[in-house]
Amino acid sequence: FIDADGEWFGFQGRSLNPNDKLRYITIMLDEDRIKVYGLDRINFNKTVYITEGPFDSLFIDNAIAMAGADVDWKLIEGKEAVFVYDNEKRSKEIVNRIEKAIDRGYEVVIWPSSLQEKDLNDMFSSGHDVQSMVEFNTYRGLEAKIKLSEWKKVCHLKQSTSQRETKKRHPEPL
């Protein structure tokens, strides 16, 4: 983690083994600083994209990552920002964060329900044009609320259908 003046204030390591229970470890040199990755390369005079993880922030222009922390609203106050959360359809926490960003007047990315990849890194690895996908699926205000509502319904229906299919294949004993 490097600030706008080039000063290092933290480090983060990530396990590349998908089976590891501990995926990330963060060491802050200054515990009073917020865990924001990319401050050394961001231009706050342009649209700022805010991702969850540092790797994801590398796949789109002018992006920072909250690195597992909640948003520091003061950092983006008065700035044009787009929140790019992971495509975790069953995560109540992600839905709550998206709703909070919409309610504060920011733009958010609502992924198409057909998208299988979990995050920007996975999308890039699958051959998607990540920047275009982000820009094409960015919404604000009422339109964002409608898209989020549709996304939640589709995800809920898919989950319910999947549970019914599992019960058919594996009926409960009498």
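Keep in mind it's a predicted model, so treat the numbers as computed, not measured. (Residues numbered from 1 in each chain as written. Predicted model: local features only at pLDDT ≥ 70, side-chain atom pairs only at ≥ 80, totals over all residues. Heavy atoms only, no water.)

### As for empty space enclosed by the protein
- The tally for this structure, following the rule as stated, stands at two cavities of 30 Å³ or more.
- In this structure, the largest cavity occupies an estimated 40 Å³ of space.
- As for the largest cavity, its lining consists of Thr51, Glu52, Asp56, Val84, Tyr85, Asp86, Asn87, Trp111, Lys118, Asp119, Leu120 and Met123.
- Of the residues assigned to the lining of the largest cavity, the class counts are five nonpolar, two polar and five charged.
- Size it by volume and the second largest cavity reaches roughly 30 Å³.
- In terms of residue class, the lining of the second largest cavity is built from five nonpolar, no polar and one charged. (1 Å grid on protein atoms, 1.4 Å probe; cavity = no way out; pocket = protein on both sides within 12 Å on 5 of 7 lines; lining within 4 Å. Points joined across faces, edges and corners; volume = space filled by probe spheres on them. Nonpolar A, V, L, I, M, F, W, Y, C, P; charged D, E, K, R; others polar.)

### Side note on the pattern of salt bridges
- Under the definition given, this model contains five salt bridges.
- Across the salt bridge formed by Asp86 and Lys118, the nearest N and O atoms sit 3.1 Å from each other. Of the two residues, Asp86 sits in the loop between strand S5 (81-84) and helix H3 (92-103) while Lys118 sits in the loop between strand S6 (107-109) and helix H4 (120-125), which places them 32 residues apart along the sequence.
- Residue Asp86 is classed as buried on the basis of its relative accessible area of 8%. (Salt bridge = Lys/Arg side-chain N within 4 Å of Asp/Glu carboxyl O. Helix = DSSP H or I, 4+ residues; strand = E, 2+ residues; numbered from the N terminus. Buried < 20%, exposed > 50% of the residue type's maximum accessible area, 1.4 Å probe, protein only.)

### Digging into the packing of aromatic side chains
- Summed over all chains, the structure comprises seven aromatic pairs.
- Here Phe59 and Phe124 contribute two aromatic rings whose centre-to-centre distance is 4.7 Å and whose plane-to-plane angle is 35°, an arrangement assigned as tilted. Taken together, the positions of Phe59 in the loop between helix H1 (54-57) and strand S4 (63-65) and Phe124 in helix H4 put the pair 65 residues apart, joining distant regions of the chain.
- Measuring from ring centre to ring centre gives 5.6 Å for Phe83 and Tyr106, while their planes differ by 75°; the resulting arrangement is edge-to-face. Of this pair, Phe83 sits in strand S5 while Tyr106 sits in the loop between H3 and S6, placing them 23 residues apart in sequence. When sorted by exposure, Phe83 lands in the same class as Tyr106, which is buried.
- Site record: aromatic cluster; members linked through ring pairs are Trp73, Phe83, Tyr85 and Tyr106.
- Sitting over the face of the ring of Trp73, Arg104 holds its NZ or CZ atom 4.2 Å from the ring centroid. (Phe/Tyr/Trp six-rings, centres within 6.5 Å; stacked < 30°, edge-to-face > 60°. Lys NZ or Arg CZ within 6 Å of the ring centre and 35° of its normal.)

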